[in-house]
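# Analysis of the macromolecular model
The residues making up each chain are set out below.
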Amino acid sequence: SSDLNVISYNAAMGACEKGEQWESARRLLDAMWHNWVTANVKSYSAAISACGSSAQWQRAVLILDEMRSWHVVPNVISYNATMTACEKGEQWESARRLLDAMGQSRVAAEGRSYSAAISACGSSAQWQRAVVILDEMRSWHVVPNAISYHATLTAGQKGEQAARALGRGALTER
């Protein structure tokens, strides 16, 4: 059955993520089309995650774009996986654009979404942008958690600005 084939492909791509085998995940995604198996949001998300585990942020973004071009609507998992790949590639601008794209696509960002974007800022020593995203998170009534705060502190430390970030009051409950 076609459903069974999709599940099998998705499981195989999930294994590729764990083994940091992004090339194999990409080949499996291509094989789905060649074998007349329609990739779904889980298929694309698994391939994106495999790219992320291998720090292949550009490929993760390309797969997200491909997904949209085939009219497969990305979900929060797709966006989060792509932002995590951007974080590993120190691509805070791309992560920021993805966070914005979620809102434009009416995909509700969750704590993990904001934390991924904050972490991307942190990996690029963009502490001010991390603080802005933390503030946005609160303004959208998404409660920051330990991961969000830690990512913001890490961004401050990487930018050697932890004291300024803390002094601004961004990391204290309001």
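Here the structure is shown first, and the text comes after it.
In short, a report on the structure. Predicted, not measured: the structure shown is a model, and the values here were computed from it. Residue numbering note: each chain is counted from 1, following its sequence as written. Confidence filtering applies because this is a predicted model: local features only for residues at pLDDT of at least 70, side-chain atom pairs given and counted only at 80 or more, and all residues used for totals across whole chains, interfaces and linings. As a rule here, side-chain values come from all non-hydrogen atoms in the structure, and water together with hydrogens is ignored.

## Structural notes on the packing of helix H5 (residues 76-88) against helix H6 (residues 92-104)
- Axis angles are defined between N-to-C directions and span 0 to 180 degrees, where every axis is a line fitted to C-alpha atoms and, for a helix, only to the segment in contact. The numbering of helices and of strands both runs from the N terminus, where a helix is a DSSP run of H or I of at least 4 residues and a strand a run of E of at least 2. Running from N to C, H5 and H6 cross one another at 165°; their axes reach a closest spacing of 9 Å. For the element pair H5 / H6, the angle class is roughly antiparallel. The handedness of the crossing between H5 and H6 is left-handed. Contacts between H5 and H6 involve Val 76, Tyr 79, Asn 80, Thr 82, Met 83 and Cys 86 on the former and, on the latter, Ser 94, Ala 95, Leu 98, Leu 99, Ala 101 and Met 102.
- By the convention adopted, Pro, Cys, Tyr, Trp, Phe, Met, Ile, Leu, Val and Ala count as nonpolar, Lys, Arg, Asp and Glu as charged, and the other residues, Gly among them, as polar. For the contact of H5 with H6, the per-class residue count stands at nine nonpolar, three polar and no charged. Angular relationships are summarised with four words: roughly parallel below 35 degrees, roughly antiparallel beyond 145, roughly perpendicular across 65 to 115, and oblique for the angles in between. For any helix crossing, the convention is left-handed if the near helix is rotated counterclockwise from the far helix by under a right angle, and right-handed if that rotation is clockwise. In what follows, a contact means two residues having at least one pair of non-hydrogen atoms within 4.5 Å.

## A few points about the pattern of salt bridges
- We define a salt bridge as a contact between a side-chain nitrogen of Lys or Arg and a carboxyl oxygen of Asp or Glu at a distance within 4 Å. The full count for this structure, using the stated rule, is six salt bridges.
- One salt bridge connects Asp 65 with Arg 68, and the closest N-O pair in it is separated by 4.0 Å. Of this pair, Asp 65 and Arg 68 are both found in helix H4 (residues 57-69), three residues apart, which corresponds to roughly one turn of the helix.
- Relative accessibility under 20% of the residue-type maximum defines a buried residue, over 50% an exposed one, and the middle range a partly exposed one, all with a 1.4 Å probe and only protein chains included. Exposure remark for Asp 65: the relative accessible area of 37% places this residue in the partly exposed category.
- A salt bridge links Asp 135 to Arg 138; the shortest N-O distance between them is 3.7 Å. Placement of the pair is Asp 135 and Arg 138 together in helix H8 (residues 127-139), with a separation of three residues, close to one helical turn. In this pair, the class of Asp 135 matches that of Arg 138, namely buried.
- Salt bridges sharing common partners tie together Arg 26, Asp 30 and Glu 66.

## Brief notes about the nonpolar core
- By convention a nonpolar core is built from buried Ala, Val, Leu, Ile, Met, Phe, Trp, Tyr and Cys residues, the set being connected through side-chain atoms within 4.5 Å. Counting residues in hydrophobic clusters, the biggest one holds 50 residues, and the most contacted among them are Leu 29, Met 32 and Met 83.
- Contact partners of Met 32, with chain neighbours within four places excluded, come to Val 6, Tyr 9, Asn 10, Met 13, Val 37, Thr 38, Ala 39 and Ser 43.

## Quick word on the packing of helix H7 (residues 111-123) against helix H9 (residues 146-158)
- The N-to-C vectors of H7 and H9 enclose an angle of 10°; their axes lie 8 Å apart at closest approach. One element, H7, and the other, H9, form an angle in the roughly parallel class. Each of Gly 111, Ser 115, Ile 118, Ser 119, Cys 121, Gly 122 and Ser 123 in H7 lies in contact with H9, whose residues at this interface are Ile 147, Ser 148, Ala 151, Thr 152, Ala 155 and Lys 158.
- In terms of residue class, the contact of H7 with H9 is made up of five nonpolar, seven polar and one charged.

## Let's talk about H8
- For H8, built from 13 residues, the straight-helix expectation of 18 Å at 1.5 Å per residue is met to within 8% by its first-to-last C-alpha distance of 18 Å.
- Buried residues of H8: Trp 127, Ala 130, Val 131, Ile 133, Leu 134, Asp 135, Met 137 and Arg 138, and no others.
- Of the residues trailing H8, His 141 is marked for its positive phi of about 60°. Under the convention used throughout, the expected extent of a helix is 1.5 Å for every residue step, that is, one less than its residue count.

## Here we look at the side chain of Ser 49
- Position of Ser 49 among the secondary structure elements: in helix H3 (residues 41-53).
- Accessibility expressed as a relative area gives 17% for Ser 49, which makes it buried.
- Setting aside residues up to four positions removed in sequence, Ser 49 forms contacts with Glu 17 and Ala 81.

## As for the environment of Gln 21
- Looking at the element boundaries, Gln 21 is found in the loop between helix H1 (2-18) and helix H2 (22-34).
- Apart from residues lying up to four places away in sequence, Gln 21 is in contact with Cys 16 and Ser 54.
- Pairing of N or O atoms within 3.5 Å defines a polar contact, subject to two protein rules: one partner must be a possible hydrogen donor and the other a possible acceptor, and residues neighboring in sequence count only if both atoms are side-chain atoms. A polar side-chain atom of Gln 21 sits 3.2 Å from the main-chain carbonyl oxygen of Gly 19.

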